[in-house]
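Chain residues, written in single-letter form:
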Amino acid sequence: MTVTITTSIKGRDPPLLNRLNRRIIMSSNEFDRSPVPPSQLEPGRHYAASYAGEHAAGTEFVIGATFVAWGVGTMDILWGLLLGNLLAVLSWALICAPIAVDTRLTLYAYLEKIAGRGTIKLYSVVNGIMFCVLAGAMITVSASAVRILFDLQPEVHWYPSSAGFVMVALGVGAVVAAIATKGFTRVAQFAEVCAPWMVMMFLVGGIALIPALIQATPGVDHLGSWADFKQMADLHIWRDTDGELGFWHVAAFAWICNLAMHGGLADMTILRFARKAQYGYFSALGMFIGHFMAWVCAGIMGAGAALLMKTAINELDPGAVAFHALGVSGILAVIIAGWTTANPTIYRAGLAFQSLNPNWSRQKVTALTGVVTTIIACFPFVFTKLLDFVGLMGLTLAPIGAVIVTEHWLFPKLGLTRYWASFDKRHTNWPAVITWLAALLFAFILNRAGIHLFFLLLPAWLFTMLVYTLLAKMAGAAKPFAEQAEIEKQQELARKTQEQAFLQQLDSEKAAGHDSSPTSRKRLLFGGATALTLVACLVLALQALNNQISLIEFRNYLIWPTGAYFVFAITWVLQFKQEDQIPDPAPQKNSAHD
């Protein structure tokens, strides 16, 4: 449905009409097959919240505990996580975000433009299934916390052992799917509310359980220095067992953990809404707060909970770990952490399946995807084998990212024609399909030769770039397609010119004093109150660390600032929402070129 807009940014004569137009457009089509228009671009804080929230997920409890079980020493863990997460941030900022902002297309729409409908159908099925499994893991993690409320036993097998857990997983999945069907804006708003508190829960949970580990560490009665912390960590958390895994395995996993999103370019789907390509650097919030800090704190919580319960860490699920560290707030943390990751993941999976048929409704497809994901979540194998799965998922999808990067950036430099298969009206770009399958075979051979799964990214990526360039050149990419290429160039130039003008006008409005409105003052008031509740959570954790209150008292008290946080945070976000009502751009005036 197309609606004609007859207002500019400054001329706000029919504001109600503009809001209705935007709602109609967004409800029927979230630009799944066309570039995102300037009026729908999102501010940077949405990406800061989305990345911080999505990557401080319930699965961080699983990964943090797995690092403890790996038998890798403290320094190898810390330095490996620093390097690997830095590489991940650079992959988002220098590869995924620039292509997303340059094209304003979903991964699926852009891949279709490069590789044809035949290729996109195959890729979408594979991609969608894997995202369903990944989202299912997040829902299972959330369900592991909800089951505590019903006094159900932990699920440590690949299959569910009780009907009660199945019912819990179905209930959690229904809520997650309902939010995901609302689209990226709703997902971002949900993450925006939850992200700061969720990150704080990982931090305070790790701090609060340190005294239990200190008491079991000979010669250490408090953390007076880095040496004290290292002695405690070497003895109870990251114990070096001289096994096969070490620094490079940790670094490689931290890099490829979200390989499908950055190297595989799946986050084009979300970053296409970014006003600037630099928003890719907001992934650092997810990597260094959501991954580095959360994995470290989850390891501390897992080791502390196992010590208190006198059991092995691999016998605990995320819900048990969080509950022993944070009490009722821990249950909420695991539930919400799973939700904020499952939401955008189901959203991505829905777009993958929706791309199979342009006439399918994204909302309906996403809802159906949520149903399938929820069924998968009833089987706990999706998180007990999580690390191997995310490595395999990234390796499977990354070659397609390499194909896109090769055609988008390298082809013009090599004298080859970008979009040659589309200009040649090919249903399937067979060089792309053959290269993808060949890259997977190449990676399989390397793995059988003894190269660890985590180390296959670079050789597979370079292999893909080389093979696709050669096959595409032989298949017709060397042809100029001058007329089609010139039409494409002019269309893109017109779109980017309109977008640049809109963003410049938007910046001018903000510089003219828009932020001095009463709404902005209310926003600051509720933002300050929200920050104080987080400070209160941290103060309680520090009191527990200094033995001023017991761990039980900490868990009981923590629920009060938690409740206050959500009251103030929801109000704070609603104030932002009022200020973000931006009308659509003015139509182009008639000219001699029309």
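Since the structure is predicted, the reported quantities are computational estimates derived from the model, not experimental observations. (Residues numbered from 1 in each chain as written. Predicted model: local features only at pLDDT ≥ 70, side-chain atom pairs only at ≥ 80, totals over all residues. Heavy atoms only, no water.)

## Remarks on the overall build of the protein
The helix and strand inventory of the protein stands at 23 helices and zero strands. Taken over 594 residues, the protein has a buried fraction of 57%. When contacts within the protein are restricted to residue pairs at least 6 apart in sequence, those whose partners lie at least 24 apart make up 85%. (Helix = DSSP H or I, 4+ residues; strand = E, 2+ residues; numbered from the N terminus. Buried < 20%, exposed > 50% of the residue type's maximum accessible area, 1.4 Å probe, protein only. Contact = heavy atoms within 4.5 Å.)

## Focus on empty space enclosed by the protein
The rolling of a water-molecule-sized probe over the atoms marks out the regions of remaining empty space. This structure, assessed with the given rule, holds two cavities of 30 Å³ or more. The calculated volume of the largest cavity comes to roughly 200 Å³. Along the walls of the largest cavity sit 20 residues, with Leu 134, Met 138, Cys 257, Asn 258 and Val 390 positioned nearest its centre. Mapped by element, the contributors of at least two residues to the lining of the largest cavity are α3 (59-70), α5 (107-149), α10 (259-262), α14 (328-354) and α17 (386-414). The dominant element in the lining of the largest cavity, judged by the number of residues it contributes, is α17, at four residues. (1 Å grid on protein atoms, 1.4 Å probe; cavity = no way out; pocket = protein on both sides within 12 Å on 5 of 7 lines; lining within 4 Å. Points joined across faces, edges and corners; volume = space filled by probe spheres on them.)

## Some words on the packing of aromatic side chains
Pairs of aromatic rings are described using the distance from one ring centre to the other and the angle between the two planes. For the structure on display, the rule yields 22 aromatic pairs. Ring geometry for Phe 253 against Trp 295: centres 5.9 Å apart, planes inclined by 40°, an arrangement best described as tilted. Placement of the pair is Phe 253 in helix α9 (residues 247-256) and Trp 295 in helix α12 (residues 283-309), with a sequence separation of 42 residues. Across the pair, Trp 295 and Phe 253 agree in class, each one buried. Considering the side-chain rings of Phe 411 and Tyr 468, the 5.5 Å spacing of their centres and the 5° angle between planes classify their relative orientation as stacked. (Phe/Tyr/Trp six-rings, centres within 6.5 Å; stacked < 30°, edge-to-face > 60°.)

## Thoughts on a nonpolar patch on the surface
Taken together, Trp 158, Tyr 159, Leu 368, Val 371, Val 372, Ile 375, Phe 379 and Phe 381 make up a surface patch of nonpolar side chains, about 770 Å² in accessible area. It is helix α15 (residues 362-377) that contributes the most residues to the nonpolar patch, four residues altogether. With respect to the helices and strands, Ile 375 occurs in helix α15. For Ile 375, a relative accessible area of 48% corresponds to the partly exposed category. (Patch = residues over 30% accessible without salt bridge, like charges linked within 9 Å, V, L, I, M, F, W, Y side chains within 5 Å. Areas by Shrake-Rupley, 256 points an atom, 1.4 Å probe, with all protein chains shown as cover. Salt bridge = Lys/Arg side-chain N within 4 Å of Asp/Glu carboxyl O.)

## Points about the confidence of the model for the protein
When pLDDT is averaged along the protein, the result is 83, and 87% of the positions lie at 70 or above. In this model, residues 1-29 is a region of pLDDT below 50 whose contacts with residues beyond four sequence positions or in other chains number 43 contacts. The low-confidence segment residues 580-594 (pLDDT under 50) makes 36 contacts with residues lying over four places distant or belonging to another chain. (pLDDT = per-residue confidence, 0-100.)

## Remarks on the packing of α3 against α12
In the contact formed by α3 and α12, the axes pass within 7 Å of each other and the chain directions differ by 65°. α3 and α12 meet at a crossing whose hand is right-handed. Here Glu 60, Phe 61, Ile 63, Gly 64, Phe 67 and Val 68 of α3 come into contact with α12, specifically with Gly 290, His 291, Ala 294, Trp 295, Ala 298, Gly 299 and Met 301. (Axes fitted to C-alpha atoms, helices over the stretch in contact; angles between N-to-C directions. Left-handed = near helix turned anticlockwise from the far one by under 90°.)

## Description of the side chain of Thr 373
As for its position among the elements, Thr 373 is in helix α15. Setting aside its immediate chain neighbours within four residues, Thr 373 contacts Cys 132, Ala 135, Gly 136, Ile 139 and Ile 346.

## Considerations on the pattern of salt bridges
Per the stated rule, a full pass over the model turns up nine salt bridges. In this structure, Asp 102 engages Lys 496 in a salt bridge whose closest nitrogen and oxygen atoms are separated by 2.4 Å. One end of the pair, Asp 102, is in helix α4 (residues 74-103); the other, Lys 496, is in helix α21 (residues 482-511), with 394 residues separating them in the sequence. A salt bridge links Asp 424 to Arg 426; the shortest N-O distance between them is 2.9 Å. On the basis of relative accessible area, Asp 424 is assigned to the partly exposed category, the value being 30%. What makes Arg 426 partly exposed here is its relative accessible area of 30%. Shared partners join several salt bridges into a network, and the residues in it are Arg 104, Glu 492, Arg 495 and Glu 499.

## Quick notes on α9
The buried fraction of α9 amounts to eight of the 10 residues, a majority that puts the element mostly inside the structure. Buried positions along α9 lie against α3, α4, α10, α12, α17 and α20 (457-477).

## Quick notes on α17
Structural remark: α-helix, 3.6 residues per turn; residues separated by three or four positions point the same way. The terminal C-alpha atoms of α17 lie 40 Å apart, and with 29 residues this matches the ideal 42 Å at 1.5 Å per residue to within 8%. The principal kink in α17, of about 35°, is found at Glu 407. Of all the 29 residues making up α17, 22 are buried; the element is thus mostly covered by neighbouring parts of the structure. Directly beyond the C-terminal end of α17, a positive phi value near 80° is found at Gly 415. (Expected span 1.5 Å × (residues − 1). Bend = angle between axes of the 7 residues up to and from the residue.)

## Comments concerning the packing of α17 against α20
Closest axis-to-axis distance for the α17/α20 pair is 8 Å, and the angle between their directions is 50°. Judged by the inter-axis angle, α17 sits oblique to α20. Here α17 runs over α20; the crossing is right-handed. Two secondary-structure elements touch here, α17 through Leu 395, Ala 398, Pro 399, Gly 401, Ala 402, Val 403, Val 405, Thr 406, Glu 407, Leu 410, Phe 411 and Leu 414 and α20 through Leu 457, Ala 460, Trp 461, Thr 464, Met 465, Tyr 468, Thr 469, Ala 472 and Ala 477. (Parallel < 35°, antiparallel > 145°, perpendicular 65-115°, else oblique.)

## Some remarks on the environment of Ile 434
The topology assignment puts Ile 434 in helix α19 (residues 430-448). Given the relative accessible area of 46%, Ile 434 is considered partly exposed. Taking the C-alpha atoms as reference points, Ile 434 and Thr 464, separated by 30 residues in sequence, lie 9.9 Å from one another.

## Here we look at the environment of Gly 58
Structurally, Gly 58 can be placed in the loop between α2 (44-54) and α3. C-alpha separation for the pair Gly 58 and Ala 298, spaced 240 residues apart in sequence, amounts to 9.8 Å. The contacts of Gly 58, once residues within four sequence positions are left out, are Val 141, Pro 318, Val 334, Ala 337 and Gly 338.

## Quick word on unusual backbone geometry
Here Lys 310, not a glycine, exhibits a phi torsion of approximately 55°, which is positive. Tracing the backbone through its elements, the reader meets Lys 310 in the loop between α12 and α13 (318-326). The phi angle at Asn 547 is positive, at roughly 60°, despite the residue not being glycine. One can find Asn 547 in the loop between α22 (518-545) and α23 (551-579).

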